[in-house]
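Understanding the architecture of this molecule
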Amino acid sequence: MRPILAGFVSAVALAACGSGSAAAPVAPDVSSDVQVTLTPVVEAEFPWGLAFLPNGDLLFTEKDGGLNYVAGGEGEATQVTGMPPALTEGQGGYFGITLDPDFDSNRLIYVAYAEGTEADNGTAVIRARLSDDHASLEDITEIFRADSRDTAYHFGGRLQFANDGTLFVSLGEGFKYMKDAQDPKITHGSLIRINSDGTIPADNPFADGVDGNPAVYSYGHRNIQGLYYDRSEGTLYETEHGPKGGDEFNIIKPGANYGWPVITYGVNYDGTIITEQTEKEGMEQPLTYWVPSIAPSGLTRLTSDVYPGWKGDFFVGGMNGPAGLELVRLRLEDGKVTERENLFKDEYAIRDVVQAPNGHLYVATKDLDGIFRVDLAD
């Protein structure tokens, strides 16, 4: 089944200055003949990150509640003990979670969270072994800590493993430190690449530490809350929050500068201009962007045949903003976003979306609604 073209989104009315590559296109909105619905499967308060075990069991974080386990992936959740305390002020809390590529043999998991106090904090990542009974964490080790800030906003917090066993960690720029996103020697507003033990890969773009922090893989980001590594392609994709407008969907390149706050398709929350530039030489353009904002969080690509015609499409959670409260389907063809469809419009603020071993998509809502399975409508 193929979507039916329904119109086009108007471009943002910001001037495009500079001599960089052509400005990013806004993808056409479509309406699909595939109808889906949300089925509640787990009660949760402010769920943040989802990770399915190979057997279909579910681990998920709650912003304030730590780590939880659900046998079979649906039903009652039980808390997993052992998580270190998190800063839960502002946007702080427990964030993304991922499994070690060799989880079946080592039972290692990785969790990002806000570590520290309001006056001195940063995104940290721990590695730990999940106990055989799924009740606790063992051998907990902090393998990464971002540069300190004194603000409880824009932490990033998504985790993805690459084919070579390295771990990507997304960070935010702390909101008031937006200018630091242009400095690769600082981790604010960057994407980090480390080995699973926290050491630095020898082929990182700034591994020698001369021109940038050795852990930094890309920079010029605002607040990355969607991260997906395509194992078949060996490609890393991300979504990040713009200010008022200008949310982005990007392909990540090593050492690349993604422009924030020198270029953006958004404006300040009070409507004032951040910059007149939407493009500049040496700065990457997004595959597509959103104006108005959806506050994108969570990103995955469908590899199953559960939803007719959607295999290979990306799915992005939308949390708030004028165009938020939705799940967005994106089609990418020859490096260009050719379709954009808003699913479940105005129903829930969606924090994360993943594909389970059963091939279904599952979404975590931002607030008190819980975790849902995406089903084909009757």
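Residues numbered from 1 in each chain as written. Predicted model: local features only at pLDDT ≥ 70, side-chain atom pairs only at ≥ 80, totals over all residues. Heavy atoms only, no water.

With 24 residues, the main nonpolar core has Tyr 110, Val 125, Phe 144, Leu 167, Val 169, Ile 192 and Ile 194 as its most contacted residues. When residues of this core are traced back to their parent elements, those giving at least two are β9 (108-117), β11 (137-145), β12 (159-161), β13 (167-170), β14 (190-194) and β15 (216-219). Ranked by residues supplied to this core, first place goes to β9 with four residues. The contact partners of Val 125, leaving out residues within four places of it in the chain, are Tyr 110, Val 111, Ala 112, Thr 141, Glu 142, Ile 143, Phe 144, Leu 159, Leu 167 and Val 169. Residues Leu 67, Ile 97, Phe 103 and Val 111 belong to the second largest nonpolar core, which totals 20 residues. (Core = buried A, V, L, I, M, F, W, Y, C linked by side-chain atoms within 4.5 Å. Buried < 20%, exposed > 50% of the residue type's maximum accessible area, 1.4 Å probe, protein only. Helix = DSSP H or I, 4+ residues; strand = E, 2+ residues; numbered from the N terminus. Contact = heavy atoms within 4.5 Å.)

A separate point is the sheet that holds strand β19 (residues 288-290). Overall, antiparallel pairing links the four strands, which are arranged β16-β17-β18-β19 in an open sheet. Sheet topology places β16 (224-230) and β19 at the edges, where each strand pairs with a single neighbour. The average angle at which neighbouring strand axes cross in this sheet is 15 degrees, direction not considered. Direction of pairing for strand β18 (residues 247-251) relative to β19: antiparallel, over a ladder of three bridges. Within the sheet, the bridge partner assigned to Glu 248 lies in β19 and is Tyr 289. (Pairing = 2+ DSSP bridges. Axes fitted to C-alpha atoms, helices over the stretch in contact; angles between N-to-C directions.)

On to the sheet that holds strand β25 (residues 361-365), then. Spatially, β3-β26-β25-β24 is the arrangement adopted by the four strands of the open sheet, whose pairing is antiparallel. Of all strands in the sheet, those with a lone pairing partner are β3 (36-42) and β24 (350-355), marking the two edges. Neighbour to neighbour, the strand axes of the sheet diverge by 30 degrees on average, direction disregarded. Two strands pair when backbone bridges link them, and β25 and strand β26 (residues 371-376) are joined in this way by three bridges, in the antiparallel orientation. Each residue of the ladder has a partner; that of Val 363, found in β26, is Phe 372.

The space that makes up the largest pocket amounts to roughly 850 Å³. Contributing to the lining of the largest pocket are 32 residues, with Thr 98, Gln 160, Tyr 228, Arg 231 and Gln 355 lying nearest its centre. Of all the secondary-structure elements, those providing two or more residues to the lining of the largest pocket are β4 (47-52), β8 (94-99), β12, β16, β20 (296-301) and β24. Considered class by class, the residues forming the lining of the largest pocket number 17 nonpolar, nine polar and six charged. Each pocket or cavity is described by its volume, and for the second largest pocket that value is around 610 Å³. What lines the second largest pocket is a set of 37 residues, and nearest its centre among them are Gln 91, His 241, Tyr 269, Ala 295 and Asn 320. (1 Å grid on protein atoms, 1.4 Å probe; cavity = no way out; pocket = protein on both sides within 12 Å on 5 of 7 lines; lining within 4 Å. Points joined across faces, edges and corners; volume = space filled by probe spheres on them. Nonpolar A, V, L, I, M, F, W, Y, C, P; charged D, E, K, R; others polar.)

So, to be careful, I would describe these as geometric facts and stop short of saying anything about function.
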